[in-house]
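Now for the letters of each chain:
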Amino acid sequence: MSGVQAGNVGAPDAAAIEAAHAIYTPLMLSFYDRLVHGLSNRFAWRCPTERLLDLYRNNLSSRHLEAGVGTGFFIDRANPGGFEQLTLLDINRHCLARSARRLARYQPLLCEANLLAPIAVELEPADSIGLTYVLHCLPGRMSEKLRAIDHLRPVMSKGGVLFGATILGRGIEPNGAARSLLRLYNAKGVFNNLDDDFEAFRDSLKRRFEVMEIETKGCVALFRVR
């Protein structure tokens with residue numbers, strides 16, 4: 001870990017933002033990978049974790065920024081050859097701490113910041129940015145959620161790629177497990193995605209980027225933009 005820098009953590013909808021990430025305590029993060037990557041992805045969201053790992057293997061660069069780090073699972077498992085620069089950005093300091101320990105071999109730079117507010121810390125340009133399983137947690141309409149991408153765009157290098165995935169709440173065919181989890185997580189404020197649909201997401205990305213690739217796998221939209 002090369003250091004911790006504090007970004008702008010004040011933002012609109014502060015209570016909803018707090019509810020969305022308060023669940024990620026050290027205890028919860030200790031079994032997060034087994035719950036989400038081992039069970040939910042395959043049996044509820046019907047997007048196997050291996051499919052998400054392929055997204056990382058195909059798009060990681062040596063100068064990477066991970067926005068919304070979780071436990072550092074994807075960077076750790078994608079087995080990159082190494083990084084010239086690795087930045088971990090998250091609003092939750094427990095996620096940052098756990099990911100920093102897991103990825104210590106890469107000496108990551110840590111940035112505590114709220115993606116719905118402009119990033120107050122000056123960051124070096126990144127050739128790749130990962131944004132996985134973040135947007136469905138953010139409060140607001142899709143147009144408001146996509147402010148997160150607007151705030152990340154200044155960090156993208158010329159020709160850089162931004163990629164990731166989000167769980168949709170509309171226009172999908174959820175199985176019983178997915179319906180139950182969507183109701184539960186939205187009721188608790190962990191997810192805010194009941195109005196998130198593929199068309200709105202695709203159109204929002206299309207207005208922002210010249211090159212866009214997007215597809216669905218089960219309940220998940222996987223995307224890559226330049």
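Each value, and the rule that gives it
Residues numbered from 1 in each chain as written. Predicted model: local features only at pLDDT ≥ 70, side-chain atom pairs only at ≥ 80, totals over all residues. Heavy atoms only, no water. Helix = DSSP H or I, 4+ residues; strand = E, 2+ residues; numbered from the N terminus. Rg over C-alpha atoms; globule rule 2.2 N^0.38 Å. Buried < 20%, exposed > 50% of the residue type's maximum accessible area, 1.4 Å probe, protein only. Areas by Shrake-Rupley, 256 points an atom, 1.4 Å probe, with all protein chains shown as cover. Lys, Arg positive; Asp, Glu negative; His and termini not counted. Charge placed at Lys NZ, Arg CZ, Asp CG, Glu CD. Expected span 1.5 Å × (residues − 1). Bend = angle between axes of the 7 residues up to and from the residue. Contact = heavy atoms within 4.5 Å. Pairing = 2+ DSSP bridges. Right-handed = clockwise from strand over helix to strand, strands pointing away.

Novice: Just checking my understanding: could you explain the overall build of the chain for this structure?
Specialist: Counting its regular elements, the chain contains 9 helices and 8 strands. Relative to the globule expectation of 17 Å for 226 residues, the C-alpha radius of gyration of the chain, 16 Å, shows essentially globular dimensions. Residues counted as buried form 55% of the 226 residues belonging to the chain. Accessible area of the chain: about 10300 Å², with a carbon and sulfur share of 50%. Seen as two clouds, the 28 positive and the 24 negative side-chain charges of the chain have centres 5 Å apart.

Novice: Help me understand helix H2 (residues 26-43), please; the structure alone is not making it clear to me.
Specialist: Quick reminder: α-helices carry 3.6 residues per turn. Residues three or four places apart thus point the same way. With 18 residues, H2 extends 25 Å between its outermost C-alpha atoms, agreeing within 8% with the 26 Å of an ideal straight helix rising 1.5 Å per residue. Where H2 bends most, at Tyr32, the angle is about 45°. Every buried residue of H2 is accounted for by Met28, Leu29, Tyr32, Asp33, Val36, His37, Ser40 and Asn41. Contacts made by the buried residues of H2 are with helix H3 (49-59), helix H4 (73-77), helix H5 (93-102) and helix H8 (176-188).

Novice: Would you explain the pairing of strand E4 (residues 109-112) in this entry?
Specialist: Moving residue by residue along a regular strand, the side chains alternate between the two faces of the sheet. Sheet topology note: the strand E3 (residues 85-90)/E4 ladder contains 4 bridges and is parallel. Considered in E4, the bridge of Leu88 is made with Leu110. As for the winding sense of the linkage, the β-α-β connection from E3 through H5 to E4 is right-handed.

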